Each structure stands twice: as C-alpha cells, then as structure tokens.
Amino acid sequence: MTSCLTFSIPKLMYFTPVLLGAIRNRPLPAFTSNSLCKRGTVSMNGDCSKWWERLLSASDPDTEKLLQDNVEIHEDFLSLEEHESLLAEIEPYLKRLRYEYDHWDDAIHGYRETERKQWNDSNTKILDRVKSVAFQPPEAPLPFVHVLDINKDGYIKPHVDSVRFCGRTIAGLSLLSESVMRLVCEKDKSKSGDILLLPRSLYILRDQARFDYTHEVLPDKTSMFKGKSIPRSRRISVISRLEVKQ
Ligand SMILES: O=C(O)CCC(=O)C(=O)O
Ligand SMILES: [Fe+2]
C-alpha cells in the first residue's frame, strides 16, 4: 500500500497527492543528546570506534566511506516509554490488518503496513524530533509517515525507494525486533554494507546510500551481522521520507 519502492506502480501513484503536502520550515536540528563522532555515526557516550564497529560493517573501502558519509545511526533514539507510546498508537490499527505474503511486486514478504499523518501529541513530538535530526530546512518531509510491520517470517527484498516520489533522505525508527539492513551497490554487487538496526534506534540513509545502493532487511534465516546471528522476530519500522526536490 504505502512503501516507496522503485518498481511499484500503485505505490508511486499513492504517493502523488502526498507531494502536495505542507512544506516544513523549522530551525536546524535541536537534538543534541548524542555527540557526533566519526562522520555519520552517532554515539551516546563518545566512544566512536566502538559504536561504528558495533553497528556498521562494510565489505570494502568504497562502501565504508559511503556509510561514513551517507548513513547516520542514532542508537537509543527512543526511550523505552517512547517506544511503547509509538506501539500503543500503531498496534490497534495494525492488528486489524492481515500479513500479506503474495505481494504483487514481490518486494516485501510477510508484511502489513499503513501510513499516518496525524499522531497523538507525544508521538508527534517524537516524529518532529526525527524530522529535525534527519531533514534540514528548506527540505520538506512527506506529510505521511509510513508504518511497516514485518512478521517473524517477513523480510524486505533489495530495492531503491522510488526516485520519483521520495527525496534524498529516508529516516527509519526500528521497533520490536533487531534486524540487519543490507546495502548493495547497484553497479557492483560485490560491494555491500550491513547496518545493525537495534530496537529504539533511528537510521538515516542519504544520497548515495539511498540512490546508488539497494537496501533490504534480511530474513531470519540469513540475518547475520559480522558473522554473528541476529535472530529476527516481528519488526515494525516508522519511516519518514523527504519530498522530492521540486
Ligand atoms: O523497514 C525499514 O526500515 C525499511 C523499509 C523500506 O525499505 C521501504 O519501505 O521502502
Ligand atoms: Fe526502502
């Protein structure tokens, strides 16, 4: 219904009215609780190399640089209460939907999804914080936030989000299960990077990481990070995207 995959025509159409949404114009990021160290990697305690090593992994120097320059991870972006607050608003709606296994474009397996423009006050504050960290004025986010729920046996195949309807930045909050997002260079599939997506973290993909590399969320049976198994169960992502530059 809502995800923004390149090869999905109904999804592209779905996003059209969204592009007419309000233009955001807010001051530069106010979120200062983390310290930015190695470019693109954010640490709560300033221990940069440790966090970099813990959350990102690259197959080669080009991808390593790409991750440094175009991927940002905010571990513990959500407090436990904020995590519960988002779930409490999302769950009643999601529970009414059935997981889908025969997606017509076969890009996502075992999923249900929705998108939401109006959130309760607490969650609006959280999403405003995501926007202030991920987007910089005059960049405008799509007004609808995408909520994607993949079941334990669900996964997201490699794709590039629609360049027609999603702009240069994708910012996703991870709820429930940890998972591994894999980025693969479209022009040279031997080059790849992995991101360990921990619950309550925020990831941001920008520019080359968003346009030149596909991204995917690995199924449980191949969910590995740096050779270590990362068991997957149900995962929900709450994704904000930038509008296409007009
Ligand atoms: O679940 C995520 O974090 C990513 C989802 C995704 O890639 C998409 O909806 O296009
Ligand atoms: Fe995507």
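In this text the structure is predicted, and so the values were computed from the model without any measurement.

**Here we look at the site of ligand 1**
Alright, step 1. Around ligand 1 sit 14 residues in total, of which Tyr203, His215, Arg235, Ser237 and Arg241 are the nearest.
Alright, step 2. Between His159 and ligand 1, the recorded distance is 3.0 Å, taken from a side-chain N or O atom to an oxygen atom.
Alright, step 3. Computed on the free molecule, ligand 1 has an accessible area of 300 Å², of which 99% lies beneath the protein chains in the complex.
Alright, step 4. Taken together, the elements giving at least two residues each to the shell around ligand 1 come down to strand 6 (145-159) and strand 14 (235-241).
Alright, step 5. Partitioning the shell around ligand 1 into residue classes produces six nonpolar, five polar and three charged.

**Describing the coordination of the iron ion (ligand 2)**
Alright, step 1. Donor atoms from the polypeptide that bind the iron ion (ligand 2) are His159 (NE2), Asp161 (OD) and His215 (NE2), placed at 2.0 to 2.1 Å.
Alright, step 2. The sequence pattern describing where the donors of the iron ion (ligand 2) fall on their chain is H-x1-D-x53-H. The residues His159 and Asp161 share a single accessibility class, namely buried.

**Quick look at the pairing of strand 9 (residues 192-197)**
Alright, step 1. Counted residue by residue, strand 9 has six buried out of six residues, so it is predominantly covered.
Alright, step 2. Here strand 9 shows no split at all, with Ser192, Asp194 and Leu196 on one side and Gly193, Ile195 and Leu197 on the other all buried.
Alright, step 3. For strand 3 (residues 56-58) and strand 9, the ladder comprises three bridges, and the chain directions are antiparallel. Bridge pairing in strand 9 links Ala58 to Gly193.

**Comments concerning the UniProt feature "domain: Fe2OG dioxygenase" (unreviewed entry) in the protein chain**
Alright, step 1. Here the UniProt-annotated "domain: Fe2OG dioxygenase" (unreviewed entry) positions come out as residues 137-244.
Alright, step 2. When the span residues 137-244 is considered, its composition is 5% helix and 53% strand, and the gap between its end C-alpha atoms is 13 Å.

**What to know about the environment of Pro61**
Alright, step 1. Tracing the backbone through its elements, the reader meets Pro61 in helix 3 (residues 61-70).
Alright, step 2. Residues Pro61 and Leu197, spaced 136 residues apart in sequence, show a C-alpha to C-alpha distance of 21 Å.

Each value, and the rule that gives it
- Residues numbered from 1 in each chain as written.
- Chains lettered and ligands numbered in written order.
- Predicted model: local features only at pLDDT ≥ 70, side-chain atom pairs only at ≥ 80, totals over all residues.
- Heavy atoms only, no water.
- Near = heavy atom within 4 Å.
- Polar contact = N/O pair within 3.5 Å; in protein donor to acceptor, adjacent residues only side chain to side chain.
- Areas by Shrake-Rupley, 256 points an atom, 1.4 Å probe, with all protein chains shown as cover.
- Helix = DSSP H or I, 4+ residues; strand = E, 2+ residues; numbered from the N terminus.
- Nonpolar A, V, L, I, M, F, W, Y, C, P; charged D, E, K, R; others polar.
- Donors = N, O, S within 2.8 Å, 3.2 Å for Na, K, Ca; no water.
- Buried < 20%, exposed > 50% of the residue type's maximum accessible area, 1.4 Å probe, protein only.
- Pairing = 2+ DSSP bridges.
- UniProt positions renumbered as here; feature names shortened; annotations may be inferred.

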